[in-house]
Amino acid sequence: MANNTVVNDKNRVIIFDTTLRDGEQSPGAAMNLEEKLRIATVLEELGVDVIEAGFPVSSAGDFQAVNEVAKLIKNSTICGLARAAKMDIERAAEALKPAARKRIHIFLSTSPLHMKYKLQKEPEQVLQAVIDAVSFARNLSDDVEWSAEDGSRSEPDFLCRCVEAAIKAGASTINIPDTVGYTTPDEYGALFKMLINRVPNADQATFSVHCHNDLGLAVANSLSGVINGARQVECTINGLGERAGNAALEEIAMALKVRNDRMPFTTGINTEVITRASRLVSGITGFAVQPNKAIVGANAFAHESGVHQDGMLKNRETYEIMTPASVGLSKSSLKLGKLSGRNAFRSKLKELGYELGDNALEDAFKRFKDLADKKRDVFDDDIIALVDDEVANMAARIKFLGLEIYAGSKGPQRAELELEFDGRVHKVTATGNGPVDATFNAIKQIIPHEATLLLYQVHAVTQGTDAQAEVTVRLEENGRTVNGQGADPDTLVASARAYIHGLTKLMIKRDKKAPDNMTLISNG
Ligand code: KIV
Ligand code: ZN
């Protein structure tokens, strides 16, 4: 079944993913267009009903991202965020034009604190602004959502009046965010029960939860909202989002699936795509998933203690409440060795969800052969790392040709680097405070830049000392932040690739600088 936000089953929960909007608002999680399109594609495969692709008025980049996602995605509704202002709503509608299904999402605060200090408006003015904005948006889209920002701290009578007015003006989804992550499951659940009972036209809209995780309660609060009548959950992959993040999509989907006996609700999520989606988002943003994170942490299905292992061998259910396969985690040890051909490689990529064009496939195949020469077992994760790196580097003007390192306790550490930059081959030598520093200094000689390194992170893709290293760097230049990734069995080569990838992105950003009159509006 194609996803459709008009879902008739009364127990079907709409999954609204905001990784590309609220998730991207995490400091340091900025993504470029190509990365957003890759994430949108995996969200569609995951079966997400609504993809919030950005906040079109906030920048030219956000506008373009929403517009391109709207062109690319066919099965999910594409949503654009807007403040309760004509210009915002018009920009959102414009960006969403190519979408097969589109939604305009308007937000306006209703809590006494926000109305007084942030909006500096009287409650009656806010009520009128909700009516005006929703009515205006309904002329541009049949599907309009209104969010009562800071809804969980709003005064109940006023919130009821706003919700009723928004539905009357044409909003078909009413979202009550816990913007500051302050509520508790019983309180949030009671709020939905109250609204659904008291608002006379409540049956004409879908109620939605949107929870932040400041007290670690985002998933519990979201589920409590659902138990009490909400039928849309706004969430993000890996719980990415402002401050402590949003409710994690994978936890919501698996909680509803595994505890369907207590929560008899369904989603359209294909849970077997969860692991791939999680890895893609953490790879692109550089936000590593903590090992003990529910569902997608590296240890989520690992059984270390002897007692547990013994129980598992006797009966898996002694210590496992869901299978690794149900979240798309395969312990595959596929040995696509040196002798594997292009067809086997292409089939494996397809199985892992990648379809590359002929040139990209050829490049990836060459790198796979190099890897198989150096590494005994090539796991699925190795191939994913290799292909992600390949796809990410497609636009690169810089080609990595070779790196020799002189390291050890005596120092100074030295790097000899060979790169092709804009068609010219450069060979340089640099020293540094350690081999990574020497490598980055060598790159700087060839590609002069003012970027500051904000983060350097190494992650072993699989187990064993011959595992590929996946390196993430975060670079900042003139207020712009990018993440670069590189993977290789040699950590220093992976580091060089990651740094080059980051610099390439900065160069692309420089080339596509947003018009100066577009400024970013910050929101919750
Ligand atoms: O947290 C929040 O209130 C939001 C709104 C813009 C929906 O993200
Ligand atoms: Zn939010």
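Since the model is a prediction, treat every value here as computed from it, not as a measurement.

**Student:** Explanation requested: the packing of helix H1 (residues 33-46) against helix H2 (residues 60-72) in the structure shown.
**Tutor:** Between two packed helices, what matters for the description is the angle formed by their axes and the separation of those axes. Put simply, H1 and H2 touch, their axes get as near as 10 Å, and they point 40° apart. Relative to H2, the element H1 lies oblique. Once H1 is placed against H2, the crossing between them reads as right-handed. On H2, the residues touching Leu33, Lys36, Leu37, Ala40 and Thr41 of H1 are Asp62, Gln64, Ala65, Glu68, Val69 and Leu72. The residue inventory of the contact of H1 with H2, partitioned by class, reads six nonpolar, two polar and three charged.

**Student:** Looking at this model, I keep getting lost on the pattern of salt bridges. Mind explaining?
**Tutor:** If charged atoms from side chains of opposite charge come close, those side chains can pair. Scanning all chains against the criterion turns up 23 salt bridges. The closest approach of N and O atoms between Asp62 and Lys36, which form a salt bridge, is 3.5 Å. Within this pair, whereas Asp62 is found in helix H2, its partner Lys36 is found in helix H1, the two being separated by 26 residues in sequence. It is possible to trace a salt-bridge network through shared partners that takes in Arg21, Asp22 and Glu52.

**Student:** Even after reading the chapter, I still don't get the coordination of the zinc ion (ligand 2), so can you show me in this structure?
**Tutor:** Note on metal sites: the ideal angle is 109.5 degrees for four tetrahedral donors, and 90 or 180 degrees for six octahedral donors. Coordination of the zinc ion (ligand 2) by the protein involves Asp22 (OD), His210 (NE2) and His212 (NE2), with metal-donor separations of 2.0 to 2.1 Å. Of note, the donors binding the zinc ion (ligand 2) are all from one chain and are spaced D-x187-H-x1-H.

**Student:** What's the story with the side chain of Lys293 in this structure? I'm lost.
**Tutor:** As for its position among the elements, Lys293 is in the loop between helix H10 (274-285) and helix H11 (306-314). Judged by relative accessible area, Lys293 falls into the buried class, the value being 11%. Within the structure, the side chain of Lys293 is placed 2.4 Å from the side chain of Glu251, a separation counted as a polar contact.

**Student:** Sorry, what's going on with the environment of Ile269 here?
**Tutor:** Within the element layout of this structure, Ile269 appears in the loop between helix H9 (249-258) and H10. Residues Ile269 and Val48, 221 residues apart in the sequence, show an inter-C-alpha distance of 6.2 Å.

**Student:** What should I look at first to understand the environment of Thr465 in this one?
**Tutor:** The residue Thr465 is located in the loop between strand E12 (452-460) and strand E13 (469-477) in this model. Thr465 gets classed as exposed once you look at its relative accessible area, which sits at 89%. Along the backbone, Thr465 and Pro489 are 24 residues apart, and their C-alpha atoms lie at a distance of 9.0 Å.

**Student:** Mind showing me how you'd approach the pairing of strand E11 (residues 424-432) here?
**Tutor:** Strand direction decides the pairing type here: strand E10 (residues 413-421) and E11, joined by nine bridges, are antiparallel. Note that in E11 the partner of Ala415 across the bridge is Ala430. Linkage of E10 to E11, two consecutive antiparallel strands, is achieved through a turn of two residues, within which Asp422 is found at a positive phi near 50°.

Cut-offs used in this document
- Residues numbered from 1 in each chain as written.
- Chains lettered and ligands numbered in written order.
- Predicted model: local features only at pLDDT ≥ 70, side-chain atom pairs only at ≥ 80, totals over all residues.
- Heavy atoms only, no water.
- Axes fitted to C-alpha atoms, helices over the stretch in contact; angles between N-to-C directions.
- Helix = DSSP H or I, 4+ residues; strand = E, 2+ residues; numbered from the N terminus.
- Parallel < 35°, antiparallel > 145°, perpendicular 65-115°, else oblique.
- Left-handed = near helix turned anticlockwise from the far one by under 90°.
- Contact = heavy atoms within 4.5 Å.
- Nonpolar A, V, L, I, M, F, W, Y, C, P; charged D, E, K, R; others polar.
- Salt bridge = Lys/Arg side-chain N within 4 Å of Asp/Glu carboxyl O.
- Donors = N, O, S within 2.8 Å, 3.2 Å for Na, K, Ca; no water.
- Buried < 20%, exposed > 50% of the residue type's maximum accessible area, 1.4 Å probe, protein only.
- Polar contact = N/O pair within 3.5 Å; in protein donor to acceptor, adjacent residues only side chain to side chain.
- Pairing = 2+ DSSP bridges.

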